[in-house]
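What follows is each chain in one-letter form.
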Amino acid sequence: MHLFFVDQYISFDMMAPIIHRLSKKNKIFFYNFNKVQTFDNNKIHNFIVRQKNIYEVKNLTSFFSQKFFFLVLINLIFFLPSFILKKGFKFWRYIWVEFNFVSKEKLIKFIKENKIKTISIDESLVEKKRRFLTEISKELNIPLIMNHGGLYTIKAIKKNDLKFKESSFYLSPNILPILTYNFKKYYIKSGKYKQFGSPRFDLEWMKILEKIYKKKTNHNDKKIKVAFFLRPTSYSYTGIIKLLKQLKAMNNIEIKLNYKPRDVFPKKCSNISKSDMQSSELIMWSDIVITYASSIILEAVCRDKPLIYLNYIKIDNKNDISWFDGLKFIKKAKKLNDVIKGLKSFNRNKQNYIITSRNKMILLKKFITSPNAKNILTKYNSFYYKLVS
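Being a predicted model, the structure only gives us computed values, none of them experimental.

**Details of the overall build of the protein**
Next, step 1: Within the protein, the secondary structure is distributed over 19 helices and 12 strands.
Next, step 2: Its C-alpha atoms give the protein a radius of gyration of 21 Å, near enough to 21 Å, the size a compact globule of 389 residues would have.
Next, step 3: Here the C-alpha coordinates of the protein stretch approximately 65 × 50 × 40 Å along the principal axes.
Next, step 4: Looking at the protein as a whole, 56% of its 389 residues qualify as buried.
Next, step 5: Summing over all exposed atoms, the protein offers an accessible surface of approximately 18,700 Å²; the carbon and sulfur share of this is 53%.
Next, step 6: In the protein, the 74 positive side-chain charges and the 29 negative ones have mean positions that sit 4 Å from each other.

What follows is the structure in structure tokens.
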């Protein structure tokens, strides 16, 4: 009776815990808007679709329509070599931003036949698709629930908060969206704004991830296992590559990479295909995590992993300031040599890179609302239950 729409791997990753928890007592459907990137070989996806009461909706495109034939053409283009596909950035971005393969008539029929009570999206869903679902939710008088798309790790002021007001509810991970969008008191008190925390980091889901990603044992125990996270679109990407080259030259480490997955290319040439492991799997495998300002820091802390935060790496521009910057208890690398020195002395000073239990609670309360990462999914479950009861 609940229908979730995802658009990229990151949105599926954020909403999978909710889908899984709700499926214990409800029938759950989810649909991937993105026909360029599928999740067929993804371990979380494969786990989710095997669960009772969870169904992936495969086709909401009208047969023999213009959209249908365009989709056929795209699937033929996928057979081209990766280096050719990679040159079509504007084409792939156009499909992601502007093209919606879903038939309105077919979707409405599906909603009515399956007695769908809520429609859920994440806040990063592109405008055309969001407006499309907003229109349908109003037409059918079904709540449109906007789940958060990230943890707001970079300090920024954004003015366009219309998407939140258009949705029936916004489920926030923490207080930071209020500061980012300068939400007015009347909106916060209206009942549309709900701050439940981030389900991605609920202790219950973190334990499930351990079962999904079985621990890797085929590594050299004499070497330090380094999980290194990259973002190819970051302002300081040349600095990341320079660091990576030096890390690969070190004899005492074994390094594996994960690229931030938000891109528009077909799967075989996307960032997902370049990663050695998915983020959670890589963190569990590692002895130490090295990352820029991202939610990866939160998962590393939740799993009590040693951590080096690349404080000198900027995401969008040279003036970026992260919410992590003011936290003195996070081990920061202010320049490349700080990372190298830290790894050379890691075996002697490992404990210095692990955040204490007290500071861990401070960090989790700030970013995921719950200081012990418990009962977040219970709050989501109660919220959805009240909507349909």
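**Description of helix α6 (residues 104-113)**
Two residues of an α-helix separated by three or four positions point the same way, owing to the 3.6 residues in each turn.
Next, step 1: Within α6, burial applies to Leu-107, Ile-108, Phe-110 and Ile-111. Looking straight down α6, one finds its buried side chains confined to an arc of 160°; they lie on one side. Facing away from the buried side of α6 by over 90 degrees, the exposed positions are Glu-105, Lys-109, Lys-112 and Glu-113.
Next, step 2: Tucked into the core, α6 has its buried residues touching β1 (2-6), β2 (28-32), β3 (54-57), β4 (118-122) and α7 (127-140).
Next, step 3: Looking at the residues trailing α6, positive phi occurs at Lys-115, about 55°.

**Quick word on the packing of aromatic side chains**
Next, step 1: All told, the structure shown has 39 aromatic pairs when counted by the stated rule.
Next, step 2: Measuring from ring centre to ring centre gives 5.2 Å for Phe-12 and Phe-39, while their planes differ by 25°; the resulting arrangement is stacked. Placement of the pair is Phe-12 in helix α1 (residues 9-22) and Phe-39 in the loop between β2 and α2 (43-49), with a sequence separation of 27 residues.
Next, step 3: Ring centres of Phe-29 and Phe-110 lie 5.2 Å apart, and the angle between their planes is 85°; on these two criteria the pair is classed as edge-to-face. Taken together, the residues span a long stretch of sequence, with Phe-29 in strand β2 and Phe-110 in helix α6 at a distance of 81 residues. Across this residue pair, the class does not change: Phe-29 and Phe-110 are buried.
Next, step 4: One aromatic cluster is present, formed by Phe-70, Phe-78, Phe-91, Trp-92, Tyr-94, Phe-99 and Phe-101 through successive ring pairs.
Next, step 5: Positioned above the aromatic ring of Trp-323, the side-chain terminus of Lys-155 is 4.7 Å from the ring centre.
Next, step 6: Above the plane of the ring of Trp-285 lies Lys-256, whose end atom (NZ or CZ) is 5.7 Å from the centre.

**Re the layout of surface pockets**
Next, step 1: Approximately 280 Å³ is the volume attributed to the second largest pocket.
Next, step 2: Along the wall of the second largest pocket there are 17 residues; nearest its centre are Lys-35, Thr-38, Leu-71, Asn-75 and Phe-78.
Next, step 3: Per element, the largest residue contribution to the lining of the second largest pocket is three residues, and it comes from helix α3 (residues 66-77).
Next, step 4: Of the residues assigned to the lining of the second largest pocket, the class counts are eight nonpolar, five polar and four charged.

**Re the environment of Leu-80**
Next, step 1: Relative to the helices and strands, Leu-80 is located in the loop between α3 and α4 (82-85).
Next, step 2: Owing to a relative accessible area of 36%, Leu-80 belongs among the partly exposed residues under this scheme.
Next, step 3: Between the C-alpha atom of Leu-80 and that of Ser-294, which follows or precedes it by 214 residues, the distance is 34 Å.
Next, step 4: Contacts of Leu-80, omitting those with residues within four sequence positions, involve Leu-85 and Lys-268.

**A word on unusual backbone geometry**
Next, step 1: Although it is not a glycine, Lys-115 adopts a positive phi angle of roughly 55°.
Next, step 2: Of note, Lys-115 is situated in the loop between α6 and β4.
Next, step 3: The backbone phi angle of Asn-141 is positive, close to 60°, even though this residue is not glycine.
Next, step 4: With respect to the helices and strands, Asn-141 occurs in the loop between α7 and β5 (144-147).

**Brief notes about the packing of α6 against α7**
Next, step 1: Where α6 contacts α7, the axes come no closer than 11 Å and their chain directions differ by 45°. In terms of orientation, α6 lies oblique with respect to α7. As for how α6 packs across α7, the hand of that crossing is right-handed. Taken together, the residues of α7 that come into contact with α6 (itself represented by Lys-104, Leu-107, Ile-108, Ile-111 and Lys-112) are Phe-132, Leu-133, Glu-135, Ile-136, Glu-139 and Leu-140.
Next, step 2: Residues of the contact of α6 with α7, tallied by class, amount to seven nonpolar, no polar and four charged.

The rules behind the values
- Residues numbered from 1 in each chain as written.
- Predicted model: local features only at pLDDT ≥ 70, side-chain atom pairs only at ≥ 80, totals over all residues.
- Heavy atoms only, no water.
- Helix = DSSP H or I, 4+ residues; strand = E, 2+ residues; numbered from the N terminus.
- Rg over C-alpha atoms; globule rule 2.2 N^0.38 Å.
- Buried < 20%, exposed > 50% of the residue type's maximum accessible area, 1.4 Å probe, protein only.
- Areas by Shrake-Rupley, 256 points an atom, 1.4 Å probe, with all protein chains shown as cover.
- Lys, Arg positive; Asp, Glu negative; His and termini not counted.
- Charge placed at Lys NZ, Arg CZ, Asp CG, Glu CD.
- Arc of directions from axis to C-beta.
- Contact = heavy atoms within 4.5 Å.
- Phe/Tyr/Trp six-rings, centres within 6.5 Å; stacked < 30°, edge-to-face > 60°.
- Lys NZ or Arg CZ within 6 Å of the ring centre and 35° of its normal.
- 1 Å grid on protein atoms, 1.4 Å probe; cavity = no way out; pocket = protein on both sides within 12 Å on 5 of 7 lines; lining within 4 Å.
- Points joined across faces, edges and corners; volume = space filled by probe spheres on them.
- Nonpolar A, V, L, I, M, F, W, Y, C, P; charged D, E, K, R; others polar.
- Axes fitted to C-alpha atoms, helices over the stretch in contact; angles between N-to-C directions.
- Parallel < 35°, antiparallel > 145°, perpendicular 65-115°, else oblique.
- Left-handed = near helix turned anticlockwise from the far one by under 90°.

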